[in-house]
Amino acid sequence: MSSNESQPILRVENLSVALPKGADRPFAVKGASFDLKPREILCIVGESGSGKSVLSSALMGAVAEGLKVTGGKVVLGDTDLVRLSERAFRAIRGSDIAMIFQEPIASLNPAMTVSAQIEEVFELHSDFDAAERRRRARALLESMHLPNPDRILQAYPHELSGGQCQRVVIAMALAMNPRVLIADEPTTALDVTTQAQVLKLVRELRDVHGHGIVFITHDFGVVADIADRVAVMRHGEIVEIGEAKQVLTAPNHPYTKELIAAVPSLTPHGRPAAQSGEEPVLAVHDLQHSYGNVQVLKHVELSLLPGRVVSIVGESGCGKSTLAKAMIRLIEPKSGRVEVAGADLLGLSPAPLRARRRSIQMIFQDPFGSLNPRRRVGPMIARSARLAGIEAGEARRRAEELLDLVGLQKSAYWRKPSAFSGGQRQRIGIARALAMRPDVLIADESVSALDVSVQAQVLKLLRELQEKLQLAIVFITHDLRVAAQISDEIVVMQKGEIVERGSAAQVLQAPTHPYTRTLLDAAPGRSTF
C-alpha cells in the first residue's frame, strides 16, 4: 500500500444529527467518529432506528427535513463537508462522493432511458460532448458486467430486472470516479444469487478501482463476505468498531454479541419425523397458472400434515407468492385442486368458500402495510373472530387471549398499529390470522422486513404456536437461513416448478438439484455463520 493509500480519504469526527423535539431520543446520530481509507470497505451495521441511514445521508449532505447536523466534522480530503453551502456541496456530490441507494427501481426515473440517466450525470459534472457522454455510459455498463450493454442503454427501468437496475445505479454513482462510495443497503431488495453478484462487484470496486466504500447493512452474512472493518450502531451511537474478523468472531460489546447470536444458522433445527398414516390437512394437486403467455405455476404438487412446516424457497419470480395466493384463492388458478381439510377450495362457490377459507389464513410480508392504521388492534382481531361466527363477547375474550399468546400486553388492545414496532405489528398480524382458528397458516415472507433479533423472536413464536396449536404452516421465504430454523420440509421452486423437495436436512446438507446448490453457494457468510 502506498503512503497515500495508508491515509484516510474520509474522516468523520464526533458527528451528531439532532432529531425533532418530541422524538424518542435527542439524536439520530450522536458523536459518531470513524475514518475510511482507499481500497477499504467499512460496513456499518445495526437494526432499524439505529441511525445507519441518517448517518449515510449526513455524509452526503442530504439529511431529511426536520433533522439537523448539530456538531462534528465530515472531512473529505482537506474539505469539511459539514461547513459547505448546498451550492458548494452540489459540485462535490456525485463527483467526489456518491451514493448507491437501497431500492434500485425507486432510484431510477421511470420515464427516462438508462442511457439518458447515466449521461445526465456527465452533463451535470463535466464538459463532455454528447458522443463522449454516450461512450462513457456504455463503458460503465460494460464494467458492471451487464449483458448486451447497447440494449440496456436503450431500455427503461421497468424493462430490467432488480439486479440489472442496481448495477445501473452503481454505474451512475461511479460515473465521475468518486473517491468515496456510500452504499445504503444496496442488496436488501435482491435475491441471494443476484446479491452475490453485486457483492462480487463491490469487492471489485475496492480491489481494482481503489474506491473507499461505506457499506450500510443489517445483514451480518453480507458483512462477513465483504467487510474490512465493521462499525456497530445502536440508538445513534457507534458502540463497537474494529477489524471484521475481530468484531464477527470475538465481539466486545453486549449488543454486538446479541446481534451475532441472533443470526440464523444454515444448520436445520431438527425435529422428529411425522408419523406415518396421517392425513394431510393441505393437498395441492396439479396446480397451474399463467399471466398472459407466461406460465408461472407448472403442475405444482404439495401436501402438508397437521403440526408440520413446509418452507417454499426460491428467487423472485419463481412462483412462490403466486402459489400462496392460489392456495388461498386470492387469485384464480387456471387448473388444479387445493384441498383444505378434504374440501377443494377451487371448486367452491362464494358462500361456501367464505366459510371454508376460515381454515386457511395468511400472515403478510409487510407488518406496516397489512394493518389498518385507523383501527385499534383489539377490535381488529375480534372482528376476525366475529367473521368466523363467534358472538361479540367471546370474540373479545379470544382477541385478549391471542394478544397474550403472541407476547403482547393487555394494554395493546386499545392501541393503534402506529404505537407498535415492526416486530410487534407482525405479532398482531399473527394474532389476527389465528382468530379464526385455522388449520393452515400461510406466512408469505413474514419475517423478511424484520431486524435479525426481532426476526429470531418471531420465528421462535411461530415454532411455539405451531407446536402448541398443531398448526400446519406454509412458510414462503427467499432466505435459506430462515428456512433452516423453521422447516420440517423444504420445497425449492424455479421458474414455476418444484425442482427439489425433502426434509430440511436433506435439502440443505445434501442437495441434489444444481439450482439448490447454486442458492446454497450464494448464501452470504457461509464460512462464518
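Located above this text is the structure these notes cover.
Residues numbered from 1 in each chain as written. Predicted model: local features only at pLDDT ≥ 70, side-chain atom pairs only at ≥ 80, totals over all residues. Heavy atoms only, no water.

**A closer look at helix α14 (residues 377-387)**
Then, in step 1: The set of residues buried in α14 consists of V377, G378, M380, I381, A382, S384 and A385.
Then, in step 2: Looking at the buried side of α14, the elements it contacts are α15 (392-405) and α16 (422-434).
Then, in step 3: Of the residues one or two after α14, G389 is the one with positive phi, at around 95 degrees. (Buried < 20%, exposed > 50% of the residue type's maximum accessible area, 1.4 Å probe, protein only. Helix = DSSP H or I, 4+ residues; strand = E, 2+ residues; numbered from the N terminus. Contact = heavy atoms within 4.5 Å.)

**Focus: empty space enclosed by the protein**
Then, in step 1: With the rule as written, the count across this model stands at one cavity of 30 Å³ or more.
Then, in step 2: Looking at the largest cavity, its volume works out to about 40 Å³.
Then, in step 3: Taken together, I100, L181, A183, P186, V202, L205, I213 and F215 make up the full set of residues lining the largest cavity.
Then, in step 4: Elements supplying a minimum of two residues to the lining of the largest cavity: β7 (180-184), α8 (192-207) and β8 (212-217).
Then, in step 5: Counted by class, the lining of the largest cavity contains eight nonpolar, no polar and no charged residues. (1 Å grid on protein atoms, 1.4 Å probe; cavity = no way out; pocket = protein on both sides within 12 Å on 5 of 7 lines; lining within 4 Å. Points joined across faces, edges and corners; volume = space filled by probe spheres on them. Nonpolar A, V, L, I, M, F, W, Y, C, P; charged D, E, K, R; others polar.)

**Remarks on the environment of S6**
Then, in step 1: Take S6: it is sitting in the segment before β1 (10-18).
Then, in step 2: The partly exposed category is assigned to S6, whose relative accessible area is 32%.
Then, in step 3: Spatially, the C-alpha atoms of S6 and L36 are 9.8 Å apart, while their sequence positions differ by 30 residues.

**Digging into unusual backbone geometry**
Then, in step 1: The backbone phi angle of N148 is positive, close to 50 degrees, even though this residue is not glycine.
Then, in step 2: Its identity is not glycine, yet R329 carries a phi of approximately 60 degrees, on the positive side.
Then, in step 3: Along the chain, the position of R329 falls in the loop between α12 (320-327) and β14 (335-340).
Then, in step 4: Under the relative-accessibility criterion, R329 is labelled buried at 14%.

**Comments concerning the sheet that holds strand β3 (residues 40-45)**
Then, in step 1: In space, the six strands of this open sheet follow the order β6-β7-β8-β3-β9-β10, with mixed pairing throughout. A strand with exactly one partner marks an edge of an open sheet, and here the two such strands are β6 (97-100) and β10 (237-243). When strand polarity is set aside, the average angle formed by the axes of neighbouring strands in this sheet is 20 degrees.
Then, in step 2: In terms of strand pairing, β7 meets β8 through five bridges, oriented parallel. Following the sheet pairing, I182 is matched in β8 by V214.
Then, in step 3: α8 rests against β3, β7 and β8 of the sheet, and its axis sits at about 150 degrees to β8.
Then, in step 4: Relative to strand β9 (residues 229-234), helix α11 (residues 254-261) is tilted by about 100 degrees, and along the sheet it contacts β9 and β10. (Pairing = 2+ DSSP bridges. Axes fitted to C-alpha atoms, helices over the stretch in contact; angles between N-to-C directions.)

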